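# Working through the structure, step by step
Given next are the chains, with one letter for each unit.
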Amino acid sequence: MADYKRLFLEGHSYYITIVTHRRNPILIENIEVLRESFRESKRYYHYSIDAIVVLPDHIHMIITPQVASEYPKIIRAIKYNFSAKVQSVMEQSIARYKKGMNPVWQQRYYEHTIRNEKDYLRCIEYMQNNPIKHGLVDNGTKWKYTSL
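The paragraphs below set out a description of the structure included in this document.

Conventions adopted
- Per-chain numbering applies: the sequence of each chain, read as written, is numbered from 1 onward.
- Per-residue local features are limited, in this predicted model, to residues with pLDDT of at least 70; the limit for side-chain atom pairs, both in listing and counting, is 80 or more; totals at the level of whole chains, interfaces and linings are taken over all residues.
- Hydrogen atoms and water are omitted, and side-chain values are computed over all heavy atoms in the structure.
- Counting from the N terminus, the helices are the DSSP runs of H or I reaching at least four residues and the strands are the DSSP runs of E reaching at least two.
- For the exposure calls, accessible area comes from a 1.4 Å probe over protein chains only, and a residue counts as buried if that area is under 20% of its type's maximum, exposed if over 50%, partly exposed in between.
- Throughout, a contact is declared for two residues whenever any of their heavy atoms are within 4.5 Å.
- We define a polar contact as two N or O atoms separated by no more than 3.5 Å, with the added condition that, inside protein, one atom must be a possible hydrogen donor and the other a possible acceptor, whereas residues neighbouring each other in sequence contribute only through side-chain atom pairs.
- Note on pairing: DSSP must find at least two bridges between two strands before they are called paired.
- A fitted line through C-alpha atoms serves as each axis, taken over the contacting stretch for helices, and the angle formed by two N-to-C directions is quoted from 0 to 180°.
- Think of a salt bridge as a Lys or Arg side-chain nitrogen and an Asp or Glu carboxyl oxygen that are within 4 Å of each other.
- These descriptions rest on fixed angle ranges, namely under 35 degrees for roughly parallel, over 145 for roughly antiparallel, 65 to 115 for roughly perpendicular, and the rest for oblique.
- Left-handed describes a crossing in which the near helix is turned anticlockwise from the far one by less than a right angle; the clockwise case is right-handed.
- Classification used: nonpolar for Ala, Val, Leu, Ile, Met, Phe, Trp, Tyr, Cys and Pro, charged for Asp, Glu, Lys and Arg, polar for all others including Gly.

### A few points about the overall build of the protein chain
- Helices and strands together make up the secondary structure of the protein chain, namely 4 helices and 4 strands.
- Put simply, the protein chain runs from its N terminus to its C terminus through helices and strands in the order β-α-β-β-α-α-β-α.
- By the burial criterion, 46% of the 148 residues in the protein chain qualify as buried.
- Contacts in the protein chain between residues at least 24 apart in sequence constitute 70% of all its contacts with a sequence separation of at least 6.

Written as C-alpha coordinates, this is what we have:
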(Lines give C-alpha, C1' and ligand atoms only; values in the text may rest on other atoms or scores of the structure.)
Protein backbone atom coordinates (compact mmCIF):
# COMPACT_ATOMS: atom_id res chain seq x y z
CA MET A 1 0.00 0.00 0.00
CA ALA A 2 1.36 3.40 -0.93
CA ASP A 3 1.87 6.02 1.72
CA TYR A 4 -1.18 8.25 1.94
CA LYS A 5 -0.49 11.98 1.95
CA ARG A 6 -3.00 14.41 3.36
CA LEU A 7 -3.20 17.93 1.99
CA PHE A 8 -3.09 20.73 4.50
CA LEU A 9 -4.07 23.87 2.61
CA GLU A 10 -4.65 26.93 4.75
CA GLY A 11 -8.02 28.60 4.20
CA HIS A 12 -9.58 25.52 2.61
CA SER A 13 -12.53 23.47 3.83
CA TYR A 14 -12.48 19.72 4.20
CA TYR A 15 -15.23 17.23 3.45
CA ILE A 16 -15.01 14.47 6.05
CA THR A 17 -16.80 11.14 6.46
CA ILE A 18 -16.38 9.14 9.66
CA VAL A 19 -18.03 5.75 10.12
CA THR A 20 -18.80 3.65 13.17
CA HIS A 21 -17.11 0.28 13.67
CA ARG A 22 -18.98 -2.39 11.70
CA ARG A 23 -21.46 0.35 10.80
CA ASN A 24 -23.03 0.05 14.22
CA PRO A 25 -26.11 2.37 14.14
CA ILE A 26 -25.40 4.19 17.42
CA LEU A 27 -25.10 7.85 16.45
CA ILE A 28 -28.73 8.98 16.39
CA GLU A 29 -29.58 7.20 19.63
CA ASN A 30 -26.59 8.98 21.20
CA ILE A 31 -27.01 12.32 19.43
CA GLU A 32 -26.60 14.40 22.59
CA VAL A 33 -23.32 12.62 23.37
CA LEU A 34 -22.19 13.31 19.81
CA ARG A 35 -23.12 16.99 20.09
CA GLU A 36 -21.20 17.23 23.35
CA SER A 37 -18.20 15.58 21.67
CA PHE A 38 -18.19 18.32 19.03
CA ARG A 39 -18.51 21.02 21.72
CA GLU A 40 -15.59 19.47 23.61
CA SER A 41 -13.41 19.39 20.47
CA LYS A 42 -14.11 23.09 19.95
CA ARG A 43 -12.61 23.82 23.37
CA TYR A 44 -9.22 22.80 21.95
CA TYR A 45 -9.43 23.44 18.21
CA HIS A 46 -10.83 26.35 16.27
CA TYR A 47 -12.94 25.38 13.29
CA SER A 48 -16.32 25.97 11.76
CA ILE A 49 -18.79 23.28 10.83
CA ASP A 50 -20.02 24.55 7.50
CA ALA A 51 -22.42 21.63 6.93
CA ILE A 52 -23.14 18.33 8.64
CA VAL A 53 -25.44 15.36 8.30
CA VAL A 54 -25.53 12.62 10.94
CA LEU A 55 -26.88 9.22 9.98
CA PRO A 56 -27.23 6.22 12.30
CA ASP A 57 -23.78 4.83 11.44
CA HIS A 58 -21.80 7.66 9.86
CA ILE A 59 -21.28 11.40 9.64
CA HIS A 60 -20.61 13.60 6.63
CA MET A 61 -19.38 17.10 7.36
CA ILE A 62 -17.61 20.04 5.86
CA ILE A 63 -15.31 21.78 8.29
CA THR A 64 -13.00 24.74 7.93
CA PRO A 65 -10.20 24.61 10.47
CA GLN A 66 -8.42 27.78 11.51
CA VAL A 67 -5.16 25.80 11.17
CA ALA A 68 -5.34 23.31 8.30
CA SER A 69 -2.95 20.78 9.84
CA GLU A 70 -5.27 20.41 12.83
CA TYR A 71 -8.20 18.77 11.07
CA PRO A 72 -6.95 15.21 11.89
CA LYS A 73 -6.71 16.29 15.54
CA ILE A 74 -10.25 17.68 15.38
CA ILE A 75 -11.57 14.37 14.10
CA ARG A 76 -9.56 12.43 16.69
CA ALA A 77 -10.97 14.65 19.48
CA ILE A 78 -14.57 14.14 18.32
CA LYS A 79 -14.10 10.37 18.03
CA TYR A 80 -12.26 10.11 21.35
CA ASN A 81 -14.83 12.11 23.32
CA PHE A 82 -17.76 10.20 21.86
CA SER A 83 -16.05 6.85 22.41
CA ALA A 84 -15.19 7.60 26.02
CA LYS A 85 -18.85 8.23 26.78
CA VAL A 86 -20.46 5.32 24.91
CA GLN A 87 -17.90 2.51 24.88
CA SER A 88 -18.93 1.06 28.21
CA VAL A 89 -22.20 -0.08 26.66
CA MET A 90 -20.59 -1.48 23.52
CA GLU A 91 -19.08 -4.89 23.09
CA GLN A 92 -15.53 -5.09 21.81
CA SER A 93 -14.29 -7.58 19.28
CA ILE A 94 -11.41 -9.64 20.61
CA ALA A 95 -9.09 -8.64 17.76
CA ARG A 96 -9.66 -4.91 18.29
CA TYR A 97 -9.38 -5.35 22.05
CA LYS A 98 -5.98 -7.08 21.70
CA LYS A 99 -4.77 -4.21 19.54
CA GLY A 100 -5.96 -1.73 22.16
CA MET A 101 -8.33 -0.25 19.60
CA ASN A 102 -11.60 1.38 20.39
CA PRO A 103 -14.65 -0.46 19.05
CA VAL A 104 -16.78 2.60 18.41
CA TRP A 105 -15.31 3.99 15.16
CA GLN A 106 -13.60 2.67 12.09
CA GLN A 107 -9.92 3.46 12.42
CA ARG A 108 -9.67 5.55 9.28
CA TYR A 109 -11.88 8.26 7.85
CA TYR A 110 -12.42 9.74 4.43
CA GLU A 111 -11.33 13.30 3.76
CA HIS A 112 -11.35 15.47 0.70
CA THR A 113 -9.88 18.95 0.36
CA ILE A 114 -12.50 21.20 -1.20
CA ARG A 115 -10.90 23.07 -4.08
CA ASN A 116 -13.55 25.45 -5.33
CA GLU A 117 -17.23 26.42 -5.17
CA LYS A 118 -18.31 23.72 -7.65
CA ASP A 119 -16.60 21.07 -5.51
CA TYR A 120 -18.21 22.52 -2.36
CA LEU A 121 -21.68 22.41 -3.92
CA ARG A 122 -21.13 18.83 -5.09
CA CYS A 123 -20.33 17.80 -1.50
CA ILE A 124 -23.38 19.66 -0.16
CA GLU A 125 -25.65 17.94 -2.70
CA TYR A 126 -24.25 14.53 -1.75
CA MET A 127 -24.85 15.27 1.93
CA GLN A 128 -28.42 16.45 1.28
CA ASN A 129 -29.22 13.27 -0.63
CA ASN A 130 -27.52 10.85 1.76
CA PRO A 131 -30.50 10.28 4.12
CA ILE A 132 -32.63 9.55 1.02
CA LYS A 133 -29.99 7.20 -0.41
CA HIS A 134 -30.01 5.22 2.84
CA GLY A 135 -33.81 5.01 2.91
CA LEU A 136 -34.22 7.12 6.05
CA VAL A 137 -36.51 9.73 4.48
CA ASP A 138 -38.10 10.36 1.10
CA ASN A 139 -37.17 14.05 1.16
CA GLY A 140 -33.83 15.36 2.45
CA THR A 141 -35.50 18.32 4.15
CA LYS A 142 -37.34 15.89 6.46
CA TRP A 143 -34.12 14.55 8.01
CA LYS A 144 -33.67 16.40 11.29
CA TYR A 145 -30.04 15.44 11.98
CA THR A 146 -28.55 17.86 9.49
CA SER A 147 -27.55 21.49 9.29
CA LEU A 148 -28.67 21.72 5.66
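### Concerning the side chain of Ser13
- Position of Ser13 relative to the elements: it lies in the segment before β1 (14-19).
- Side chain to side chain, Ser13 and Asp50 meet in a polar contact 3.4 Å long.
- Not counting the four nearest positions on each side in its chain, Ser13 is found in contact with Asp50, Ile62, Ile63, Thr64, His112, Thr113 and Ile114.

### With respect to the environment of Ile26
- If you trace the backbone, Ile26 turns up in the loop between β1 and α1 (31-44).
- Residue classification places Ile26 among the buried positions, given a relative accessible area of 6%.
- Distance from Ile26 to His58, taken between C-alpha atoms, is 9.1 Å for residues 32 residues apart in sequence.

### Topic: the sheet that holds strand β2 (residues 47-54)
- Spatially, the 4 strands line up as an open sheet ordered β2-β3-β1-β4, and their pairing is antiparallel. Two strands close off the open sheet at either side, each with one partner strand: β2 and β4 (110-113). The sheet shows a mean angle of 15° between the axes of neighbouring strands, taken without regard to direction.
- Relative to strand β3 (residues 58-65), β1 runs antiparallel, the two being bridged by 6 bridges. Bridging across to β3, Val19 finds its partner in His58.
- Of the strands in this sheet, β2 and β3 touch α1, which is tilted by about 165° from β2.

### Quick word on the environment of Ile78
- Positionally, Ile78 belongs in helix α2 (residues 71-86).
- Ile78 sits 37 residues away from Ser41 along the chain, and the two C-alpha atoms are 5.8 Å apart.

### Digging into the pattern of salt bridges
- Summed over the entire model, instances satisfying the criterion amount to 7 salt bridges.
- One salt bridge in this structure joins Asp57 and Arg23, with 3.3 Å as the shortest N-O distance. Of this pair, Asp57 sits in the loop between β2 and β3 while Arg23 sits in the loop between β1 and α1, and the two are 34 residues apart along the sequence.
- A salt bridge links Glu36 to Arg39; the shortest N-O distance between them is 3.1 Å. Of this pair, Glu36 and Arg39 both sit in helix α1, 3 residues apart, which is roughly one turn of that helix.

### Brief notes about the packing of α1 against α2
- Running from N to C, α1 and α2 point in directions that differ by 135°, and their axes come no closer than 8 Å. Taken together, the axis directions place α1 and α2 in an arrangement best described as oblique. Here α1 runs over α2; the crossing is right-handed. Where α1 approaches α2, its residues Val33, Leu34, Glu36, Ser37, Phe38, Glu40 and Ser41 are matched on the opposing element by Ile74, Ala77, Ile78, Asn81, Phe82, Lys85 and Val86.
- Of the residues assigned to the contact of α1 with α2, the class counts are 8 nonpolar, 3 polar and 3 charged.

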